[in-house]
Amino acid sequence: MTSHFICSSLIASLLFAFSPATVAAEPESTNPVREKASLNSDWRFQKSDPAEVQGALDYQKIKAWVLPASNAFTKDPAKHAKRPEGNLGDDVAYAQHGFNDQAWRKLDLPHDWAIEGPFNLNSTGNTGKLPYDGVGWYRKHFQSPTQDAGKRVFLQIDGAMSYSAVWLNGKFVGGWPYGYSSYELDLTPYLKTGGENVLAIRIENPPGSARWYPGAGIYRNVWLLKTNPVHLAQWGTYITTPEITEKSANVRIQADISNQSENPAAVSVVTSIFDGSALVATAVEQKATLAPGQTGQTVATVPVPQPLLWDIKSPHLYHALTQVLVGGKIVDQYKTPFGIRSIQFVADKGFFLNGKRLDLRGVCNHHDLGALGAAFNTRAAERQLEIMKEMGANAVRTSHNMPAPELLDLCDRMGILVMDESFDSWKAPKTKNGYNLLWDDWHEADLRAEYRRDRNHPSVIMWSIGNEVLELTDEIAGPAIAAELTSIAHEEDPTRPTTLGSHRGVANSNGIQKGVDVMGLNYQIGNYARFRELNPAIPVVASETSSCLSSRGEYFFPVSEEKTKGFYDFQVSSYDLYSLDWAYRPDLGFAALDKCPFVGGEFVWTGFDYLGEPTPYNADVTNLLNFENEAGKADMQRQLDELGKIKPPSRSSYFGIVDLAGFKKDRFYLYQARWRPEMPMVHILPHWNWPNRVGQVTPVHVYTSGDEAELFLNGKSLGRKKKEPDQYRLRWDDVVYAPGELKAVACKNGKPWAESVMKTTGPAAKVTLQPDRAKITADGKDLSFVTVTIADKAGLLVPRSKNLVQFEISGPGEIVAVDNGDATSFEPFQASQRKAYNGLALVIVRSKKGEAGKITLCARSEGLDSTELTIVGQPSRVAGLRD
């Protein structure tokens, strides 16, 4: 390993259609030589296998039959060239062309059957108490016109959870077992041109396959791609920028061309670079001769004058139009967005973007989208990223798997850096039916597929090859596997470093740290300096930090400094002081990073709460927790007894800086104060509605980007406090509660900076609604996230209110989900009502495809003034990179 790792590049999108215009002009939005269309609509769905084959098709058999799909992603392409003898399900009724599926449920993809529930209160909390395991079948009828004769037709699946197997017209095509991988299958040999075709896809989630909520079903987008026999291969362009100056950037363009015709093909490849619609440069024509069945490669380099760099503040994107010609005729083309930028990790200095040091202010996020489950939605993911950017985050870690490709498109456009992660486990198992079952046959293919798909994205700066794998303490297997995975990464993409998340101090010196380019330390705030001493040439990043626990709007007294003393009534106090023994409050992490500036930055666990892993309530809580008092312990036992079990009483995590519904916890403002020091802000906690605490000490904490603040209670100063070294919050621990008004006035460098007020509210009087967007696209996908607030007459949120709110919607929209951010709520997500949790609830409204107009949402709660709002469904929207 070198002392630093340099990467200049890039970037990306999946193949999309553009017209065969000349290279001197920006192509139009249609492309007769390459047609890519969404295949998301009008599927039929059925849970479980047909009775006659129960047990005959299981994930172990699927795993063997789909192995040939990995051939294109292994160094030994003949490793799994043949399937087992016989057939796989070709006689199963559900796979047949003529099977009558009209009684099956009709739905659109992406789809997650598990989020629909019901919750199983007798299951463990680790996977959200939702029914993710089992078998599901999907069937799709589609027409293949006569013009498809002579074409190659491919099915592209961005993600299916898991052990997916695909049949077309009753014939087995292939599949892919890892639910987070994207893959492509060639349908051509089984296609009926000039008539109807039927796809049948079987999904199976084995029990015990995940440590968190994985989702279920075909939960990402599905596409149908049509090309000529000579065409660019899957993920067939790779763009890097190995040399960048102010005057020019050399753009290197690698193109993989596949000849699936019956004759040799003399091909020419031309790539043109565009900035918007303006032609910037054109590469010299490259030529190759391909035998039937052969895939060849061309490489060209073209200088781009006066390059505009991609960075987090100005994420400028170019795009490359690659055209393949045979006999002077364009037979294929597609567009690859990319950015010109350089990255560098330096052992003793940290991370650099375009030659400038940058602290990684990152969050770890799971792939679920809260009440929407794992079913990917671009707007929902965009909203999460917008909230993280508002907090000051500039990076995301995709914990612990490959993300949806659209998430990376969003990060490219929004200027958010990405640690792109692959696995939670290697060969040693963490769960009964986890990735360890696939390791031997599939880890190489999964990695190469990930890197080929994602390596054109400028947002991606690191490949994480694993998270807290059990091999970290194995000084033989651990270093060997890490070195192998890093070698695969360097073969596919030598421009980015590898890393892994290590929570074991022994791994800092047992050799595994030498198997990656940048070492990722999880929770090891006391080991940063020691790691640098032991490994002076290896860069380091804090790959997982804090794991502070809190519930929005919950505050327990007395306020203890002991990290495990903030747990009560299945919630966690929001004073942001509490965690389990292995974790710590954010302030301690800030101090450790400030003392060790050579660390490239941090990725906090987590940005958002997520389904599953309801730590500290994911075990027998009566044995796990330290209770503040006997009354609390007795109350917790009573609630468990009422449920008739000793099982975790929660469905989702408490780690998030933002709750499952997307509402900000107090911690949001602590990170915002640190990560956006230039922005005037001040935040007070707790709320100031404590009728039973009059005359009692009620500590007040203030988070501010200023360097000092003065606190006032009902106009009387309670003193001015200044931040001392290693101090990231201001505390008034002796405030005696009296109703009224708290006011914090912050200063910076001796000048007024910001102020905030927290008032005692009146009783709940009304319901208010506030959409995050009042205009959405009428495409059947776009969403408006509507915040529901229980307010007093003055419009102030009433902190402890838990009123039941009922919703009605009219017009061309529908309520797709509701939530309130309460980890202990087992109300269904698909409903027309929701109890508020500490004053807030969420309604997610979705447009109806092709139906523009006004959508009216009404909210009513007994005894409160009702309200309504209007959301406008618009007929069009500016297209994104993948539209």
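Basis of the calculations
- Residues numbered from 1 in each chain as written.
- Predicted model: local features only at pLDDT ≥ 70, side-chain atom pairs only at ≥ 80, totals over all residues.
- Heavy atoms only, no water.
- 1 Å grid on protein atoms, 1.4 Å probe; cavity = no way out; pocket = protein on both sides within 12 Å on 5 of 7 lines; lining within 4 Å.
- Points joined across faces, edges and corners; volume = space filled by probe spheres on them.
- Helix = DSSP H or I, 4+ residues; strand = E, 2+ residues; numbered from the N terminus.
- Nonpolar A, V, L, I, M, F, W, Y, C, P; charged D, E, K, R; others polar.
- Phe/Tyr/Trp six-rings, centres within 6.5 Å; stacked < 30°, edge-to-face > 60°.
- Buried < 20%, exposed > 50% of the residue type's maximum accessible area, 1.4 Å probe, protein only.
- Core = buried A, V, L, I, M, F, W, Y, C linked by side-chain atoms within 4.5 Å.
- Salt bridge = Lys/Arg side-chain N within 4 Å of Asp/Glu carboxyl O.
- Pairing = 2+ DSSP bridges.

Trainee: Pulling in residues and values, what's your account of the layout of surface pockets?
Mentor: Approximately 1,100 Å³ is the volume attributed to the second largest pocket. A72, F73, Q234, T295 and R452 are, among the 41 residues lining the second largest pocket, the residues nearest its centre. Here the lining of the second largest pocket takes 6 residues from strand 12 (residues 230–244), the largest share from any one element. Looking at side-chain class alone, the lining of the second largest pocket contains 21 nonpolar, 11 polar and 9 charged residues.

Trainee: Run through the packing of aromatic side chains, naming residues and quoting values.
Mentor: All told, the structure shown has 43 aromatic pairs when counted by the stated rule. An angle of 85 degrees between the planes, with centres 4.8 Å apart, marks the rings of Y94 and W104 as edge-to-face. Highlighted residues: Y94 in the loop between helix 1 (59–65) and strand 4 (105–107) and W104 in the loop between helix 1 and strand 4, separated in sequence by 10 residues. Across this residue pair, the class does not change: Y94 and W104 are buried. Seen in terms of ring centroids, F590 and Y728 are 5.3 Å apart; in terms of plane orientation they differ by 75 degrees. Their pairing is edge-to-face.

Trainee: Tell me about empty space enclosed by the protein, and please be specific about residues and values.
Mentor: Applying the stated criterion across every chain yields a total of 9 cavities of 30 Å³ or more. For the largest cavity, the calculated volume is near 330 Å³. In this structure, the largest cavity is lined by 23 residues; those nearest its centre are Y178, Y180, S209, G434 and Y435. For the lining of the largest cavity, the class distribution of residues is 11 nonpolar, 9 polar and 3 charged. The volume enclosed by the second largest cavity comes to roughly 230 Å³. What lines the second largest cavity is a set of 21 residues, and nearest its centre among them are H366, H367, Q384, P403 and L407. Counting only elements with at least two residues in the lining of the second largest cavity, the list comes to helix 2 (378–391) and strand 24 (395–398). Its residues assigned to classes, the lining of the second largest cavity shows 11 nonpolar, 7 polar and 3 charged.

Trainee: Run through the nonpolar core, naming residues and quoting values.
Mentor: Judged by nonpolar contacts, the single largest core of 196 residues is most densely connected at W137, Y138 and W426. V786, V818, V845 and L857 belong to the second-largest nonpolar core, a separate cluster that totals 19 residues.

Trainee: Would you mind going over the pattern of salt bridges in detail, with residue names and values included?
Mentor: Per the stated rule, a full pass over the model turns up 47 salt bridges. Linking R211 and D424 is a salt bridge whose minimum nitrogen-to-oxygen distance equals 2.7 Å. Placement of the pair is R211 in the loop between strand 10 (195–205) and strand 11 (222–227) and D424 in the loop between strand 25 (417–421) and helix 4 (439–454), with a sequence separation of 213 residues. What you see here is one network of salt bridges that share partners, running through K75, E444, R448, R452, R455, E491 and E492.

Trainee: Go over the pairing of strand 15 (residues 278–282), please, and point to the residues and values.
Mentor: Two faces, one strand: in a regular strand the side chains alternate between the faces of the sheet. Two strands pair when backbone bridges link them, and strand 14 (residues 265–275) and strand 15 are joined in this way by 4 bridges, in the antiparallel orientation. Its bridge partner being in strand 15, F274 is matched across the sheet by L279. In textbook terms, the turn of a hairpin is the stretch between consecutive antiparallel strands, and for strand 14 and strand 15 this stretch comprises 2 residues, one of which, G276, has a positive phi near 65 degrees.

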